[in-house]
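# Descriptive structure summary
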Amino acid sequence: FRSVGILGTGSYLPEKVLTNHDLEKIVDTSDEWIVKRTGIKERRIADENTATSDLATKAALKALENAGVSAKEIDLIIVGTVTPDMVFPSTACIVQKNIGAEGAAAFDLEAGCSGFLYSLTVAQQFIATGMYEKVLVIGAETLSKIIDWTDRGTCILFGDGAGAVVLGPTEDGMGILSASMGADGEGGKFLKVPAGGSRMPASIKTVEERLHSIRMDGSEVFKFAVRAMNKASLGALELSGYGIEDIDYLVPHQANTRIINSAAKKLKLDNEKVHINLDKVGNMSAASIPVALDEAVRLGKIKKGDLVVMVGFGAGLTWGASVIKW
Ligand code: ACO
């Protein structure tokens, strides 16, 4: 199989900032509680005319520019998202049209907050086998559109944004060395949007009962997250042939600093080797990791030759990790 690497990264965040103090005016909460329990101080919110594909398109164009690859060279577009523009067509097809990636295949992948890492691993297979040369992988969300703004247990956590990478063949021994993915459908009940699908189609009742927004058992998800982050990162690392001591940089899913700190502790990593940006952007589900990755690359935190671990967990329940020689 061919080696597959990330040729370029890009990200985009909506301009509007929603601070914890803004949320104090909407629900019974405080900046102090949110910072202490989650680490989040503010998040970005898309305006009413902006959908997920709009953010995804902007991130994709930046990644293409950064990679020096034109949209016409792209063979496949995968968008990891839980907030597609609509049930169909897929958000990936809308992005394909927007960027002018004529003839490229396009589909969405839904794996909760693990959506980007799942998409990355799926994309890798197409290039590794020689079927495709260049694949655009995007994680994009407008979670603000599926939040119950009366539920203080969830509305404080999430934000909107998009991140993208361009994948292509790379020199042997570089690029994506290994990955792990997993799921536990039993835990699906702890984090879901109950209505709007075939189980509970939209009706006046589902709207009145706010069943089109995120329902979450925070403490169950928290316990799962700590276990999943460790399992996924250690599993992928073992497959890569490298050890914990070889990790140069960790890009974790940005859900909660307490979850990230526990994962970092298990991997014996100092704070400066762990990317945290959730204080500014909150949890952007499938967009969290690619946005954090793009930021880390642009800030020079990740350098050529570094061993980078990306790890996440999310609705499904799902988890995933990738080990990359940058
Ligand atoms: N402000 C003030 N008080 C609050 C708030 C709030 N925003 N939210 C909850 N509380 C209260 C609760 O009502 C509870 O009060 P009680 O003891 O009187 O009942 C108290 O705070 C403690 O609540 P817990 O839920 O036990 O608080 P916890 O420390 O577990 O923190 C949190 C909650 C932040 C949600 C945490 O559980 C968490 O981060 N879980 C993981 C969530 C996550 O990562 N979700 C995303 C998954 S990714 C995806 O796929 C979308």
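One numbering rule holds for all chains: residues counted from 1, following each sequence as written. Only residues with pLDDT of at least 70 are given local features in this predicted model, and only at 80 or more are side-chain atom pairs given and counted; all residues enter the totals for whole chains, interfaces and linings.

Check the secondary structure of the protein and you find 11 helices and 13 strands. With C-beta atoms placed from the backbone, a residue counts as buried when 20 or more other C-beta atoms lie within 10 Å of its own, as exposed when 12 or fewer do, and as partly exposed for counts between those limits. Split into buried and exposed, the 326 residues of the protein put 52% on the buried side. Labels follow the DSSP assignment, with helices taken as runs of H or I lasting at least four residues and strands as runs of E lasting at least two, numbered in each case from the N terminus.

Let's shift gears to unusual backbone geometry. Backbone torsion omega between Phe-88 and Pro-89 reads 0°, so that peptide bond is classified as cis. Cis rather than trans, the peptide bond between Gly-316 and Leu-317 has omega equal to -5°. Considering the arrangement of structural elements, one finds Leu-317 in the loop between β12 (307-314) and β13 (318-325). Of note, the phi angle at Arg-210 is positive, near 55°, even though the residue is not glycine. Residues other than glycine seldom take positive phi values, yet Ser-285 does so here, at roughly 50°. For Ser-285, the position within the fold is in the loop between α10 (278-281) and α11 (288-298). Overall, the presence of 35 C-beta atoms within 10 Å leaves Ser-285 in the buried class.

Attention shifts here to the confidence of the model for the protein. Of all residues in the protein, 100% attain a pLDDT of 70 or more, and the chain-wide mean is 96. The complex prediction reports pTM at 0.96, with the ipTM value standing at 0.91. Looking at any residue, its pLDDT shows the predictor's confidence there, from 0 to 100.

This brings us to the sheet that holds β12. Only when DSSP finds a minimum of two bridges between them are two strands counted as paired. What the four strands build is an open sheet, ordered β8-β13-β12-β11; its pairing is mixed. Since the sheet does not close on itself, it has two edges, and those belong to β8 (175-183) and β11 (249-252), each with one partner. Pairs of neighbouring strands in the sheet enclose a mean axial angle of 10°, with direction left out of account. Note: β11 against β12, four bridges, orientation parallel. By the bridge assignment for β12, Val-251 is matched with Met-310. Sheet contacts for α11: β11 and β12; angle to β11, the most-contacted strand, approximately 150°. Between N-to-C directions, angles cover 0 to 180 degrees, with each direction set by a line fitted to C-alpha atoms, over the stretch in contact for helices. Residues are treated as contacting if the C-beta atoms built from their backbones sit within 7 Å of each other.

Moving on, we come to the pairing of β13. The element β13 is extensively covered by neighbouring structure, given that eight of its eight residues are classed as buried. Side chains of β13 alternate between two faces, with Thr-318, Gly-320, Ser-322 and Ile-324 and Trp-319, Ala-321, Val-323 and Lys-325 buried alike. Two elements, β8 and β13, share eight bridges in a ladder whose sense is antiparallel. Among the inter-strand pairings, Ser-180 is bridged to a residue of β13, identified as Ala-321. Bridge analysis of β12 against β13 gives eight bridges, and the strand direction is antiparallel.

UniProt positions are given in the numbering used here, feature names are shortened, and annotations may be inferred rather than shown by experiment. In this numbering, the UniProt entry assigns the feature "active site" (unreviewed entry) to Cys-113, His-253 and Asn-283. Of the residues just listed, which span 171 residues, no C-alpha pair is farther apart than 8.8 Å, and they cluster in one region. Summarising the element assignment, Cys-113 is placed in the loop between β5 (105-109) and α5 (115-128). Ignoring any residue separated from it by four or fewer positions in sequence, one finds Cys-113 in contact with His-253, Ala-255, Ser-285, Ala-286, Ser-288, Gly-312, Phe-313, Gly-314 and Ala-315. Inspection of the secondary structure puts Asn-283 in the loop between α10 and α11. Owing to 23 C-beta atoms within 10 Å, Asn-283 belongs among the buried residues under this scheme. Contacts of Asn-283, omitting those with residues within four sequence positions, involve Leu-157, Phe-158, Gly-159, Gln-254, Ala-255, Leu-278 and Ser-288.

To decide nearness, the C-beta atom of each residue is placed from the backbone, and the residue is near a molecule or strand if that atom lies within 6 Å of it. Taken together, 23 residues surround the ligand, and among them Thr-29, Gly-112, Gly-218, Ala-255 and Gly-314 come closest. For the shell around the ligand, the leading source of residues is helix α8 (residues 218-240), giving five residues. Residues are grouped as follows: nonpolar covers Ala, Val, Leu, Ile, Met, Phe, Trp, Tyr, Cys and Pro; charged covers Asp, Glu, Lys and Arg; every other residue, Gly included, is treated as polar. Per-class residue counts for the shell around the ligand are 11 nonpolar, 10 polar and two charged.

Another aspect to go through is the packing of helix α3 (residues 52-67) against helix α4 (residues 91-99). Relative orientation and spacing of two packed helices are given, respectively, by the angle between their axes and the distance between those axes. Closest axis-to-axis distance for the α3/α4 pair is 9 Å, and the angle between their directions is 50°. For the element pair α3 / α4, the angle class is oblique. Considering only the axes of α3 and α4, their crossing is right-handed. Listed contacts from α4 to Thr-52, Ser-53, Ala-56, Thr-57, Ala-60 and Leu-61 of α3 are Thr-91, Ile-94, Val-95, Asn-98 and Ile-99. Split by residue class, the contact of α3 with α4 holds six nonpolar, five polar and no charged. When describing relative orientation, an angle under 35 degrees is termed roughly parallel and one over 145 degrees roughly antiparallel, while 65 to 115 degrees is termed roughly perpendicular and anything else oblique. Crossings are classed by handedness, with left-handed meaning an anticlockwise turn of the near helix from the far one by less than a right angle and right-handed meaning a clockwise turn.

Another point: the environment of Ala-63. Topologically, Ala-63 is positioned in helix α3. When the C-alpha atoms of Ala-63 and Gly-10 are compared, they prove to be 4.0 Å apart, with 53 residues separating the residues in sequence. With near-sequence residues (within four places) excluded, Ala-63 lies in contact with Gly-8, Thr-9, Gly-10, Leu-136, Ala-164, Val-165 and Val-166.

When the UniProt feature table is mapped to this numbering, "domain: Beta-ketoacyl-[acyl-carrier-protein] synthase III C-terminal" (unreviewed entry) covers residues 237-326. End C-alpha atoms of residues 237-326 are separated by 15 Å, and the span's content is 32% helix alongside 22% strand.

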